[in-house]
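# Survey of secondary and tertiary structure
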Amino acid sequence: MEETNQFAEVATVNDMEGQHNNEEERETESNYSLLKRNRTLSSTSVAIVGAKVSHIESLDYEINENDLFKHDWRKRSRVQTLQYVFIKWTLALLVGLLTGGVTTFISLSIENISGYKLRSTVNYIDEKRYLMGFAFFAGANFLLTLVAAFLTVYFAPTAAGPGVPEIKAYLNGVDTPNMFGATTLFVKIIGSIGAVSAGLDLGKQEPLIHIGSCIASLLGQGGSDSYKLSSHWLRYFNNDRDKRDLITYGSSSGVCAAFHAPVAGVLFALEEVATWWRSALIWRTFFSTAVVVVVLRVFMEYCKSGSCGLFGRGGLIMFDVSGVIVRYHVVDIIPVVIIGVIGGLLGSLYNHVLHKVLRLYNLINEKGKLLKLLLALSVSLFTSICIYGLPFLAKCKLCDSSLSESCPGTGETGNFKQFNCPNGYYNDLATLLLTTKEDAIRNIFSLNTATEFQVISLIIFFLLYCILGVITFGIAVPSGIFIPIVFMGSGYGRLLGIAMRPYAKIDQGLYAVLGAASLMAGSMRMTVTVCVIFLELTNNLLLLPITMLVLLISKSVADCFNPSIYEIILELKGLPFLEAHPEAWMRIITVGELADVKPAVVTLQGIEKVRRIVEVLKYTTHNGFPVVDGVMIPELHGLVLRTHLLLVLKKKWFLNERRRTEEWEVEEKFTWIDLAERWGKIEDIAVTKDEMEMYVDLHPLINTTPHTVVESMSVAKAMVAFRKVGLRHMIIVPKYQAAGVFPVVGILTRQDLRACNILNFFPHLAKSKSSKNGH
């Protein structure tokens, strides 16, 4: 576990370890909305992952340049290097193929289950058997929700929710246990199908991002060890650094699969989830998204023949306005600005309310699995009542004979649902509610429909999805927030379009698009990605200027009130995410001052006794130990990781005398695969009394080029470097090197650089911050 409070004496460590265990037990009993932080500068990170509180470790993204690593690269031939690159491109191809295939299966299942369910419901309504229609509709939704929630609650709690915040945390350097396992992947797929088909106010978009990441992670580790399905030739990539790249491919492919937008997939990874980026990553990420689009296009073309039931009729583009000439004038800037401001205000309000609801749900969920299941089923029943019952409140509208489209529709597709209306009339609210999510989006985004929807129907639609969007997100099923935001945003967008009709010439369908985009920017705080998503969905570059303006205004307004919804979830879960921008007060405090409030650093010698290693591993919880040699003039040799010390103990690589090992001795015992694996806990390794008196030569395993900072560096500068390079440990060295000066002042990890932990020890910084804000 990540912990950097390093203790000078084992006895002191032992006492504090007992206190830590007591605190750990108390933390584990609490739910994640009430996570407490220890009042120490470096505290063990406790966060909620799935349904339980877990101890969180950081990931080893830094290249560990030890003797074994250097020798491996020296002897690696050009053919082996090309093989490594070829396999990485192959994995990018496989991620795209599998993500596209799984997405097709999910979409096919959802469209057919939802379509046949709605068709049967409409048949009951046509026969005036309203109670039977409701019983069938609500019963089908109840069973589908039951399947999704039961699998999630009892088999894979980590499959609940969108999964995007955990992906952000992982790519930031935080390990999230069991988030990318085979069971999570299976439950995410089946749960998404059940939850979306049940008509719940959620989408498959964010779950697809998580699914893509799961596929990439399983490929990177060669399969699933839990089910003994693994390939040893892929073990080469079973390390944190390569898995980070693969999960980046997976998350981008998921976005592409969700929105059929390959460019937006790359931009999503760059703007939203990836902390670390390089040019080679862009190429392979774009390659994966391109493969996804090809797979989706092939299946869509195949399904157009009618071989896939109700799937494949909508096309790849949800709202195609490529043939529409979008005209707007200077006066149209006013409603565009209004949409942006409203989107920012509503987006921040939605985040605030959702934050409160999630905290309430956590209190309910901690009571047991049965209550989690009942909560999901209650939301499903309420949703069914609203969607089925509210259209009865709407007045029937006479069909426009000038329209080429049949009115009312047949109940499968189209903008005109007859519902309970006589022939020649349609129910506009049923058109928006009693249909699939994709058809509802197409209906409310439709062009040249200025009189198709009544104001009262749009108000009911908007208010309903405001309520459902708050109470649905957070139940124990795979869920995405994109669909609720689109429905809410398009609702108030159309209403604003009706209000501005005498003053502006923009089509009401475009108002709905701009409203959805503005609310997405106001809640998620993404601008470039959302802009490209909507451009690729609408297929019209003429929308670019006003879309950009709306997104910029909306994000700017929302940033004045609270963070994005994903950041709020990260905070609720307690995941130690490092933000891109340090606090202003971090510039007036140095890393040396942080080291002063920490206990003395624990160091090891280059040739260390086994007893000392066992004691250090047993009575401390941190993952990196500086290696210092020399009595008169101590010298810093580098950093050795906990996992490598455990590897030494596990393989019994001991010496009878204090000496340096030969190169062949190291190669005979260790491989590069061994150094990438994690080796459990010290409690699982048995060391005999005789072995305790033997020695270990740590030099071959020492990272000889650890990142160091001078003690006079500001915390702000150190934090930026720490985050950009993707570090786990940063060694603080003294400003002046001289005889008698110990070469290590301390060690920084992400816990030391988090603002909340620093303010625990330096409360005056918070006061100075508030006083500046007051002026």
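Applying the stated criterion across every chain yields a total of 2 disulfides. Cysteine 396 shares a disulfide with cysteine 421; S-S distance 2.0 Å. Every disulfide takes its handedness from the sign of the S-S torsion; for cysteine 396 and cysteine 421 that torsion is -95 degrees, giving left-handed. Within this pair, whereas cysteine 396 is found in the loop between helix H12 (369-389) and strand E5 (397-398), its partner cysteine 421 is found in the loop between E5 and strand E6 (425-426), the two being separated by 25 residues in sequence.

Our focus in this paragraph is the packing of helix H6 (residues 182-197) against helix H7 (residues 205-220). Remark: H6 packs on H7, axes separated minimally by 9 Å, with the N-to-C direction vectors making an angle of 155 degrees. By the criterion of interaxial angle, the relationship of H6 to H7 is roughly antiparallel. The interaxial crossing formed by H6 with H7 has left-handed handedness. Facing Ala182, Thr184, Leu185, Lys188, Ile189 and Ser192 of H6, the residues of H7 in contact are Pro207, His210, Ile211, Cys214, Ile215 and Leu218. Of the residues assigned to the contact of H6 with H7, the class counts are 8 nonpolar, 3 polar and 1 charged.

The next point concerns the pairing of strand E12 (residues 730-733). Along E12, one buried face is formed by Met730 and Ile732 and the opposite face, lined by Ile731 and Val733, is buried too. Across 3 bridges, the pairing between strand E11 (residues 708-710) and E12 is parallel. Pairing of threonine 708 across the sheet is with isoleucine 731, part of E12. As for the winding sense of the linkage, the β-α-β connection from E11 through helix H27 (residues 715-725) to E12 is right-handed. In the sheet, E12 pairs with strand E13 (residues 746-748) via 3 bridges, with the strands oriented antiparallel. Looking at the pairing, isoleucine 731 lines up with isoleucine 747 of E13.

This part covers the pairing of strand E8 (residues 624-629). Of all the 6 residues making up E8, 5 are buried; the element is thus mostly covered by neighbouring parts of the structure. Taking the residues between adjacent antiparallel strands as the criterion, E8 and strand E9 (residues 635-641) are bridged by 5 residues, where glycine 630 takes a positive phi near 110 degrees.

A few words now on the sheet that holds E12. Sheets are built from strands paired through backbone hydrogen bonds, the pairs being either parallel or antiparallel. In space, the 3 strands of this open sheet follow the order E11-E12-E13, with mixed pairing throughout. On the outer flanks of this sheet lie E11 and E13, each paired with one strand and no other. The sheet shows a mean angle of 35 degrees between the axes of neighbouring strands, direction not considered.

One way to put it is that helix H3 (residues 78-126) packs onto helix H10 (residues 279-307) with a least axis distance of 8 Å and a crossing angle of 35 degrees. Between H3 and H10 the crossing geometry is right-handed. Across the interface between the two elements, Lys88, Trp89, Ala92, Leu93, Val95, Gly96, Leu97, Thr99, Gly100, Gly101, Thr103 and Thr104 from H3 touch Trp283, Arg284, Phe287, Ser288, Val291, Val292, Val295, Leu296 and Phe299 from H10. In terms of residue class, the contact of H3 with H10 is made up of 12 nonpolar, 7 polar and 2 charged.

The next thing to look at is the side chain of asparagine 351. Within the secondary structure layout, asparagine 351 lies in helix H11 (residues 333-365). Note on asparagine 351: relative accessible area 0%, which makes it buried. Among all residues touching asparagine 351, those that are not within four sequence positions of it are Gly522, Ser523, Arg525, Asn562, Pro563, Ser564, Ile565 and Ile568.

This part is about the nonpolar core. For soluble globular proteins, the rule of thumb is that nonpolar side chains tend to be buried together. Core analysis: the biggest nonpolar cluster contains 139 residues, and Phe445 and Ile481 have the highest contact counts within it. In terms of residues, this core owes the most to one element, helix H17 (residues 508-524), which gives 11 residues. Setting aside its immediate chain neighbours within four residues, isoleucine 481 contacts Glu206, Tyr350, Leu354, Phe473, Met524, Ile565 and Tyr566. Formed by 31 residues, the second largest nonpolar core is a distinct cluster that contains Leu604, Val627, Val640 and Leu649.

This paragraph deals with the pattern of salt bridges. Evaluation of the coordinates by the stated rule reveals 20 salt bridges. With its nearest N and O atoms 3.2 Å apart, the salt bridge here joins lysine 598 to aspartate 752. Note that lysine 598 is positioned in the loop between helix H21 (591-596) and strand E7 (607-609) and aspartate 752 in helix H28 (residues 750-753), a separation of 154 residues in sequence. A single burial state applies to lysine 598 and to aspartate 752, both of which are buried. The shortest N-O distance in the salt bridge between aspartate 697 and arginine 660 comes to 3.7 Å. Here arginine 660 lies in the loop between helix H23 (642-651) and helix H24 (663-669) and aspartate 697 lies in strand E10 (residues 695-697), a separation of 37 residues in the sequence. The class for aspartate 697 is buried, based on a relative accessible area of 1%.

Time to look at helix H9 (residues 262-273). An α-helix turns once every 3.6 residues. As a result, residues three or four positions apart point the same way. Across its 12 residues, H9 extends 16 Å between first and last C-alpha, which sits within 8% of the 16 Å expected from 1.5 Å per residue. Listed as buried for H9 are Pro262, Ala264, Gly265, Val266, Phe268, Ala269, Glu272 and Val273.

It is worth spelling out the confidence of the model for the protein chain at this point. Per-residue confidence for the protein chain gives a mean pLDDT of 84, with 87% of residues at or over 70. The low-confidence segment residues 1-34, where pLDDT is below 50, has 82 contacts with residues more than four positions distant or belonging to other chains. Taken together, the stretch residues 770-775 has pLDDT below 50 and engages in 0 contacts with residues farther than four places along the chain or on a different chain.

Attention now goes to H17. When the terminal C-alpha atoms of H17 are compared, their 24 Å separation across 17 residues agrees well with the 24 Å that a helix rising 1.5 Å per residue should span. One side-chain oxygen at the N-terminal end of H17 lies 2.7 Å from the backbone nitrogen of glycine 509; it belongs to aspartate 507. One or two steps after H17, the chain reaches arginine 525, where phi turns positive at roughly 65 degrees.

A separate point is the packing of aromatic side chains. For any pair of aromatic rings, geometry is given as the distance between the ring centres together with the angle between the planes. Evaluated as defined, the whole model comprises 16 aromatic pairs. Each ring, one from phenylalanine 150 and one from phenylalanine 155, has its centre 6.0 Å from the other, and the planes form 65 degrees; the classification is edge-to-face. Look at phenylalanine 150 and you get partly exposed, because its relative accessible area is 37%. Accessibility expressed as a relative area gives 51% for phenylalanine 155, which makes it exposed. Joined through ring pairs, the aromatic side chains of Tyr130, Phe134, Phe137, Tyr388, Phe392 and Phe419 make up one cluster. Geometry around tyrosine 61 places arginine 244 over its ring, the cationic atom sitting 4.3 Å from the centre. Stacked on the ring of tryptophan 276, the Lys or Arg arginine 244 has its end atom at 4.0 Å from the ring centre.

Conventions used here
Residues numbered from 1 in each chain as written. Predicted model: local features only at pLDDT ≥ 70, side-chain atom pairs only at ≥ 80, totals over all residues. Heavy atoms only, no water. Disulfide = S-S within 2.5 Å. Helix = DSSP H or I, 4+ residues; strand = E, 2+ residues; numbered from the N terminus. Axes fitted to C-alpha atoms, helices over the stretch in contact; angles between N-to-C directions. Parallel < 35°, antiparallel > 145°, perpendicular 65-115°, else oblique. Left-handed = near helix turned anticlockwise from the far one by under 90°. Contact = heavy atoms within 4.5 Å. Nonpolar A, V, L, I, M, F, W, Y, C, P; charged D, E, K, R; others polar. Buried < 20%, exposed > 50% of the residue type's maximum accessible area, 1.4 Å probe, protein only. Pairing = 2+ DSSP bridges. Right-handed = clockwise from strand over helix to strand, strands pointing away. Core = buried A, V, L, I, M, F, W, Y, C linked by side-chain atoms within 4.5 Å. Salt bridge = Lys/Arg side-chain N within 4 Å of Asp/Glu carboxyl O. Expected span 1.5 Å × (residues − 1). pLDDT = per-residue confidence, 0-100. Polar contact = N/O pair within 3.5 Å; in protein donor to acceptor, adjacent residues only side chain to side chain. Phe/Tyr/Trp six-rings, centres within 6.5 Å; stacked < 30°, edge-to-face > 60°. Lys NZ or Arg CZ within 6 Å of the ring centre and 35° of its normal.

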